[in-house]
Each structure stands twice: as structure tokens, then as C-alpha cells.
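Notes for the structure review
The chain contents come next:
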Amino acid sequence: MTVQPADGLSPAAAFPDPSHDQWQSLVEGVLRKSGKEVSGSAAEEALSTTLEDGLTTRPLYTAHDESPDTGFPGFAPFTRGSRAEGNAAGGWDVRQRHSLTDPARLNEAVLGDLENGVTSLWLTVGGPAGVPVDGLARALDGVYLDLAPVALDAPADLDAAATELLRLYEERGVAQHQARGTLGADPLGHEARTGVEADLAPAVRWAQRCEAAYPELRAIAVDALPYHEAGGSAGEELGLSLATGVAYLRALTGAGMSVEAACGQLEFRYAATADQFLTIAKLRAARRLWARVAEACGAPAAGAQRQHAVTSPVMMTRRDPWVNMLRTTLATLGAGVGGADCVTVLPFDHALGLPDAFARRISRNTSTILMEESHLARVIDPAGGSWYVERLTDELAAAAWAFFQETERAGGLPAALRSGMVAERLAATWAARSAKLARRKEPITGVSEFPMPGERPVEREPAADAYAGAPGGLPRVRRDEAFEALRARSDAHLAATGSRPKVFIAALGPAAAHTARVSFAVNLFGAGGIEAVHDPVSVDAGTAADALTASGAALAALCSSDALYAEQAEQVAGALKSAGAAQVFLAGRPGEYAGVDSYIFAGCDAVAVLTSVLDRMGVA
């Protein structure tokens, strides 16, 4: 029977309004079926997820989850966006990054991108990874500089690069009010990457010059990527970006600039990760926190933060790099919904070297699809009003503000960098995260989960490192680095011997009993580049020895159900040992089985297990 709603009555009114206690009772029932006897708030906590910065995401958020007033888009505290229209006024600025040393090649890439959806350029100039300063004119030949903003990254020689760019504006008849972009001065970011003590004077000079003559050109980039790339959490990244911005405000106002003018010279750069909700909350929290800084400085109207989001280099993998397309899509979604003013999508092959034309095409089209086909650019603050996002924004802002205050108590960012406080804090955060990665509590698709050891590697022209040979500074980490080291050992073994390290999968009983654990073991060993030989489909004490010999493996892993382990594990393990197995694993929780040397199970330290296996096999 179809129920017709009365006039003015919502169709949802026909359904009872469940209480929180009712929902919690249903959760208890589900958990009880999985063997967890919990009730009340403990049931809800069992479904909660612990994040970095001491944050916890719960399974349910309601209108009772309070958060501060977020105001309106374009107005303080700017949580909902720095502009009243948000990204609904045409979307975000699609900023493509280029690090090519040949001016002609760079020009070809730049023109191709601008003709196909890119709206601004981010160019590395000077140094081993950038186009020479005297080649910038050739690189920008045919580019309408009054239409395409240019962001410079010139760690080697800011003065020369900025001077050349302004010369090109004048030479090509670009009016001073039409020059847009950023000169990219970031001496503190450079110090964080290299350990070379920062000199803020050049940044101050360029800020004064831009403020006096180029109203749409910003001089300084507050780049939080060095802290993200060193393993920092979202809260630490935000806190250190605030500390960087405050250090620049002190230098600029100390040189005679007003707070309003000084704020207008800063562009903030943040990492966008595949955790789209955390990225949304991070960008919203960043605007709110910077608005608080501006308010404390006596210029609340100047607190509208200009944001440049870059898809995270830390999450990019070298193995199965095609998955990076999915990661960057999620990151771009988070950046766009979070209100970033401009977004750089790193190509999927970024971790392998210089991107090819196809990778750049996918990169720029990611933003186009999200704006034009998914309509993200048609809504102002799409996440506004979400109880989860609003609460996460508030909690993340609190964590970031606490770390910012800790940095200020240490004497400000310059002092915190030089004392080692920042490095120690980020290293501790990364060590904790590395443990989760090693145990696959934070899975990496294509690397730690569902690897393809036999896949043909994607090869790219090597990319020069802008910070090669730097005397110190913060490290740069990647999520895949521990597993990449294992896979590199396997590759070297393949090159030297013609075959990969092998482990024999000794499956017991019918497929229904062993398939789940066989799949688990094959995936785990594959994450270390170890070939799992599962032939025949099942063995017993009488056939295991011959099967091991035929496999050519020196190690074996038993896979089956707990019931069959109780019946056959010890006998099969003994047969494998008598046939020369140097080590016998069992896929399952540790138990007492004679002949079994080690156990592999969900949550075990996969990196430690795989390292020991390669060591035992003599893989260098």
C-alpha cells in the first residue's frame, strides 16, 4: 500500500524518530554477533577510529555534537570560505606544477596544459631541478601572462627568478595590476628542507615591492609541505603553518608594513590527502585559525587566508602507480569541498620521475571532472552543516592551535627548527604511523595490500632533486618506503638469479577451509616481492614434502582452518621440515604446534616478517 503524505507533511514523518539509545542497542546486537560483549557507550567506542593528534572519529554524529559558530562564507572566521561565493564562482584555480630544466620542453608542456584546462602555472626556476633563470622567457613564450598566473618555486635564487618574471611582465606589456600569482619566497620553508639558516630580508623586500606596485601579486608562500613530507600529522602541519605565517608577519610589520598589507602578501600551501574528510576539515580549520591570528593582530578583516592545496607526495606509491589516480582524485575532492583557492594535482607517476604527457593530462582532468561533471563548483561550502565535518574541524583546530602555542613557547618557528624541537616531534609522529603501516593497519593498495610482484614496472625519466646535496633539514618520507625497500631487494634478486624469492603455500583440506588464509598469505608475501607457490591446491603429510621440493622454495606457510590445524598442522610441518624447509609459517593466531616456527596473522608486523624472510633466504 502506498502512503500518500498530507499537504505540507514530509514523507519522512511517516517513520518513527529513533533515539540514540535505540541506535546504540542495534550496534550492541551487531557487535555481539562478532563476539564482542559490550554495551552502552562502549559499543559506540568499539566502532570509533583513532586518528593522529589525539582525535577520534565516532560512528555517529548528531545535532547534539556542538561546534563553534562557523559564520558565513567570505566573513570571519572564514571557516566556510575566504570568499562569499566560495568555489561556486567558477571553481578553483587549476595549478599545474612543472620541474623541467629545458626551456623548450617546458614551453611545450606549459602551452599544452594551458590549452587543456590548466589555469595557472607553478614553475621550478633555477637549481638542479628547475629551468634556468635566463630560460624563463623561452619557457613562457606564447603564454598570456595577464591571464595565466605564475607561481615561482626558486629555492636556489629567488632574487634572480623574481626579477626576471617582473621583467617579462614589463616587456610583454602586462599592467602591474594584471600581474597575478606568487613569487614563492619562503625562507623558513627552505630552512626546514635544507637546514640552512633562513634570511628573511629578501622576502621582506619583495613583499614591500609587491605591496607598492603589484596589488594582485603575492610575494611569500607559507609552505606547510616540508612538515607534511617529514611525516607530520594534519594538526602539526597546521600548527607549523601558523607559526610560519606569524614569523613572516613579525618580519613584515617590523619593516613598516601594516598587518593588513602583510597578510595580503601571504599564500598558504597545504597537503591534500586521500582522507577526504580530514582534508576538508584541515582546510576549514586553517582558515579559522588564521582568522584568529589576524584578529589577535588587530586586523580581523585581513584574515581571509589564500590557500593552495597540493595532493600529498607522501601518499604517492612507486609500485602499481595507477592507484595514485584514485588517491589524487579523493585528495582533490577534499581540497575542492574544503574550499581551497587553487589546487595542484600531482601526476600519478610523480614518485617515479618526470611525468609524461598522459600523466599530466590525467592530472589536470581530475579537477575538470570534479568541477564540470561532478558539479563541486556549483555549491558554496558543500560540507557546511555536516555534524561530522564541523566537529572534526573544531577538534583539529584545537589540536593545531595547541601545537602552535607550543612552538611559540619554544621561541617561534625559527628557534623551534634550530633547536630540533620540530624534527623530534615530527619524527615521533612518523614512527607511530610507520608502525601502523608495517602492521597494515593503514593499508596501501597495490603495495601492502593486493600487490602485483610480477607487474612490469612503470619507468620514467629521472627527475632532478631541487634539494639534492642539502646539508641537513627535515627528512622526506613516503608511506610505501618500508615495503619499497623490500621490493627493491626482491628485484635485485630477480636480476641476479633470474627468479624471485619463493615461499611454498601448503594448503590443507578443501578450498572452503583454506582459501581465505591462502589469499592472506599470498598477499602478505607478495608485499615483500616474495613469490607464493600454491601448487598443488592442497597437501597432506604424505604429499607435502614432494610438493615443497617441486616448488623450489626453501620456506613454507601452512594455510587452513583452525579445526584442520588441530588435526594436521604438526604432521605436515614435520614433513616440510624433513624435506628441507628452513622455516615453516602458519597463517593464524599464535598457537602451540610442533614444527611451526612463526605465525602470520592480521595485524602482525608485516615488514618485520618479510625482512626476516628475505634475510633467511640470503636476499641481499
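A brief report on the enclosed structure follows. Along each chain, the written sequence defines residue order, and numbers are assigned to residues from 1. In keeping with the predicted nature of the model, local features appear solely for residues at pLDDT of at least 70, side-chain atom pairs appear and are counted solely at 80 or more, and the whole-chain, interface and lining totals rest on all residues. Excluded from the side-chain calculations are hydrogens and water; all other atoms, namely the structure's heavy atoms, are used.

Here we take up unusual backbone geometry. Following A76, the chain continues to P77 via a peptide bond in cis, the omega torsion being 10°. Position of P77 relative to the elements: it lies in the loop between β2 (56-57) and β3 (93-98). Cis geometry is adopted by the peptide bond preceding P536, which originates at D535 and carries an omega value of 10°. The helix and strand labels rest on DSSP assignments: H or I over at least four residues marks a helix, E over at least two residues marks a strand, and numbering proceeds from the N terminus. Relative to the helices and strands, P536 resides in the loop between β12 (531-533) and α19 (544-551). Phi at D381 takes a positive value of approximately 50°, unusual for a residue other than glycine. As for its placement among the helices and strands, D381 is situated in the loop between α13 (357-373) and α14 (387-409). We note that F450 has phi near 55°; this positive angle belongs to a residue other than glycine. Along the chain, F450 falls in the loop between α16 (421-438) and α17 (481-497).

Moving on to empty space enclosed by the protein. Whether a set of points on the 1 Å grid over the protein atoms alone is a cavity depends on a 1.4 Å probe fitting there but being unable to get out, while an open set qualifies as a pocket with protein on both sides within 12 Å along at least five of seven lines; lining residues are those with an atom within 4 Å of a point. Grid points are joined across faces, edges and corners, and a volume is the space filled by probe spheres set on the points. For the structure shown, the criterion picks out 1 cavity of 30 Å³ or more. Of the voids in this model, the largest cavity is the one considered here, and its volume is about 110 Å³. Lining the largest cavity are 16 residues; nearest its centre among them are R80, G86, N87, G339 and D381. Residue classes in the lining of the largest cavity are distributed as 5 nonpolar, 6 polar and 5 charged. The classification used treats Ala, Val, Leu, Ile, Met, Phe, Trp, Tyr, Cys and Pro as nonpolar, Asp, Glu, Lys and Arg as charged, and all other residues, Gly among them, as polar.

One finds L123, L140, I220, Y227, L266, W290 and V422 to be the most contacted residues of the largest nonpolar core, which totals 115 residues. Every residue in contact with I220, bar those within four places of it in the chain, is listed here: T182, A185, A203, A207, Y248, L252, Q265, L266 and E267. What we call a nonpolar core is a set of buried Ala, Val, Leu, Ile, Met, Phe, Trp, Tyr and Cys residues that are connected through their side-chain atoms within 4.5 Å. Each residue's exposure class comes from its accessible area (1.4 Å probe, protein chains only) as a fraction of the maximum for that residue type: buried when under 20%, exposed when over 50%, partly exposed otherwise. A438, A587, C604 and V619 belong to the second largest nonpolar core, which has 55 residues in total. Pairs of residues are marked as contacts when any of their non-hydrogen atoms sit within 4.5 Å.

Glancing now at the pairing of strand β9 (residues 307-311). Burial runs high along β9: 5 of the 5 residues are buried. Note: two strands are recorded as paired if DSSP finds a minimum of 2 bridges between them. Note: strand β8 (residues 266-272) against β9, 5 bridges, orientation parallel. The residue bridging F268 from the neighbouring strand is Q307, located in β9. Whether a crossover is right-handed comes down to one check: with the strands pointing away from the viewer, does the path from the first strand over the helix to the second run clockwise; if it does, it is right-handed. Of the crossover connections in this fold, the one passing from β8 over helix α11 (residues 276-296) to the parallel β9 is right-handed.

Turning to the environment of Q265, a few remarks are in order. Within the secondary structure layout, Q265 lies in the loop between α10 (259-263) and β8. Exposure remark for Q265: the relative accessible area of 4% places this residue in the buried category. Sequence-distant contacts of Q265, defined by excluding residues within four places in its chain, comprise A207, C210, E211, L217, R218, A219, I220 and M257.

Attention now goes to the sheet that holds strand β15 (residues 598-600). The strands making up a sheet are joined through hydrogen bonds of the backbone, oriented either antiparallel or parallel. With respect to topology, 5 strands assemble into an open sheet ordered β12-β11-β13-β14-β15, the strand pairing being parallel. Each end of this open sheet is capped by a strand with a single partner; those strands are β12 and β15. In this sheet, neighbouring strand axes are inclined to one another by 30° on average, regardless of whether the strands run parallel or antiparallel. Where strand β11 (residues 502-507) meets β12, 3 bridges bridge the pair, whose relative direction is parallel. Bridging from a neighbouring strand, K502 pairs with E531 of β12. Across the sheet, helix α18 (residues 511-526) is in contact with β11, β12, β13 (555-559), β14 (583-587) and β15; its angle to β11 comes to roughly 170°. Throughout, an axis means a line fitted to C-alpha atoms (over the contacting stretch in the case of helices), and angles, computed between N-to-C directions, take values from 0 to 180 degrees.

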